[in-house]
Amino acid sequence: MRSVFPGDTPEAPDRPAVEIRGLVKRYGPKAAVDGLDLSVARGGLTAVLGPNGAGKTTTIETCEGYRRPDAGTVRVLGLDPVADSAALRPRVGVMLQSGGVYAGARAEEMLRHVAALHAHPLDVPSLIDRLGLGSCGRTAYRRLSGGQQQRLALAMAVVGRPELVFLDEPTAGLDPQARHATWDLVRELRTDGVTVVLTTHYMDEAEALADDVAIIDSGRVIAQGSPEELCRGGAENTLRFSGRPGLDLGSLLKALPAESTATELTPGTYRVGGRIDPQLLATVTTWCAQNGVMPDRIAVERHTLEDVFLELTGKELRA
Ligand code: ATP
């Protein structure tokens, strides 16, 4: 079969760490992934977001070589994740959402076993310590709490000093302390030049960690960019202020640029939408002064990644 990546040169330094073109993966008649294109730059952190069932795990598992594409092409570090799995194994760390671990094995024993498969592993005791697993090193995997199992899975993904690591919902169900310990470790990986691809449902996690965010819905990437780019390019920002109820917003609208909106959300609470810049803020405060309105509160509210995510993917619950 002809490669869809012309001049397939696995080690080209500027080549993306992950290249996915036209990926299709079906389960029965249903396409879980439906023509997905995604490129992940080397050395950065890409967060893959999407509603339940959007196809994130299927995509990641295809990159990990656990699933074969029905159509399209996937290259990881320039290699085919299925055909070249032996070459990729020492270079790629994988944290699965669940499983992949012998339930009877003790936590530290298992981590040592994984470390021994690699040429230059991290120091196991210090990794255990960093992830707060010191007290349960001798505990069987099945007896670990959900959060401890998560942290052990993360340790197993990174102990081999991979070039690229896939983390599927690494902080799901973790307490705030463990979540921050995970974030610190992930930040260090990125500082060390490791490419990190993580899926998450926590928008604050993506905002805090990601250089690049890909939003997946119905098996396709519907938006990709830095958190700042996505927030800037998505919904407009808003300005809110409070004053006496029933103000005549018609005169305010006349003073504002044409594309602006002005609404009384609840009696005495007003929202101005549109391009919020210093000039618009000045126009609103001047209008307040001219109308004898002393705003109790005036605030510019920037749209968060969550606002953009909901705007792009809608508010309906997924099956
Ligand atoms: P979540 O956020 O809930 O983890 P996701 O974005 O990771 O979701 P996937 O797990 O990739 O989504 O699932 C995509 C779709 O494929 C879903 O509709 C799911 O039910 C279906 N699916 C996933 N794995 C299988 C499987 N082994 N057999 C049949 N259907 C599957």
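The structure displayed is predicted, hence computed values, not measured ones.

Is there a simple way to explain a negative patch on the surface in this structure?
On the surface, E207, E228, E229, E306, D307 and E311 cluster together into a negatively charged patch. Of all the secondary structure elements, the ones that give two or more residues to the negative patch are α8 (227–233) and α11 (305–313). With three residues, the top contributor of residues to the negative patch is α11. Here E207 shows up in helix α7 (residues 203–209). Classification of E207 as partly exposed rests on a relative accessible area of 36%.

Looking at this structure, how should I read the site of the ligand?
In the region of the ligand, 14 residues are neighbours, and G53, K56, T57, T58 and H201 sit closest. One of the side-chain nitrogen or oxygen atoms of H201 is found 2.8 Å away from an oxygen atom of the ligand. With the chains in place, 64% of the 630 Å² that the ligand exposes on its own is no longer accessible. In terms of residue count, the dominant contributor to the shell around the ligand is helix α1 (residues 56–63) (three residues).

How should I be thinking about the pattern of salt bridges in this particular structure?
Pairs can form between side chains of opposite charge once their charged atoms are near each other. The final tally for this structure, using the stated rule, is 12 salt bridges. The salt bridge partner of R15 is E19, with a shortest N-O separation of 2.6 Å. As far as the burial class goes, R15 and E19 line up, both buried. One salt bridge connects D204 with R179, and the closest N-O pair in it is separated by 2.9 Å. Here R179 lies in helix α6 (residues 176–191) and D204 lies in helix α7, a separation of 25 residues in the sequence. The class of R179 is buried, set by a relative accessible area of 16%. In this structure, a network of salt bridges that share partners links the residues R179, D204 and E205.

Thresholds, definitions, all that
- Residues numbered from 1 in each chain as written.
- Predicted model: local features only at pLDDT ≥ 70, side-chain atom pairs only at ≥ 80, totals over all residues.
- Heavy atoms only, no water.
- Patch = residues over 30% accessible without salt bridge, like charges linked within 9 Å, V, L, I, M, F, W, Y side chains within 5 Å.
- Areas by Shrake-Rupley, 256 points an atom, 1.4 Å probe, with all protein chains shown as cover.
- Salt bridge = Lys/Arg side-chain N within 4 Å of Asp/Glu carboxyl O.
- Lys, Arg positive; Asp, Glu negative; His and termini not counted.
- Charge placed at Lys NZ, Arg CZ, Asp CG, Glu CD.
- Helix = DSSP H or I, 4+ residues; strand = E, 2+ residues; numbered from the N terminus.
- Buried < 20%, exposed > 50% of the residue type's maximum accessible area, 1.4 Å probe, protein only.
- Near = heavy atom within 4 Å.
- Polar contact = N/O pair within 3.5 Å; in protein donor to acceptor, adjacent residues only side chain to side chain.

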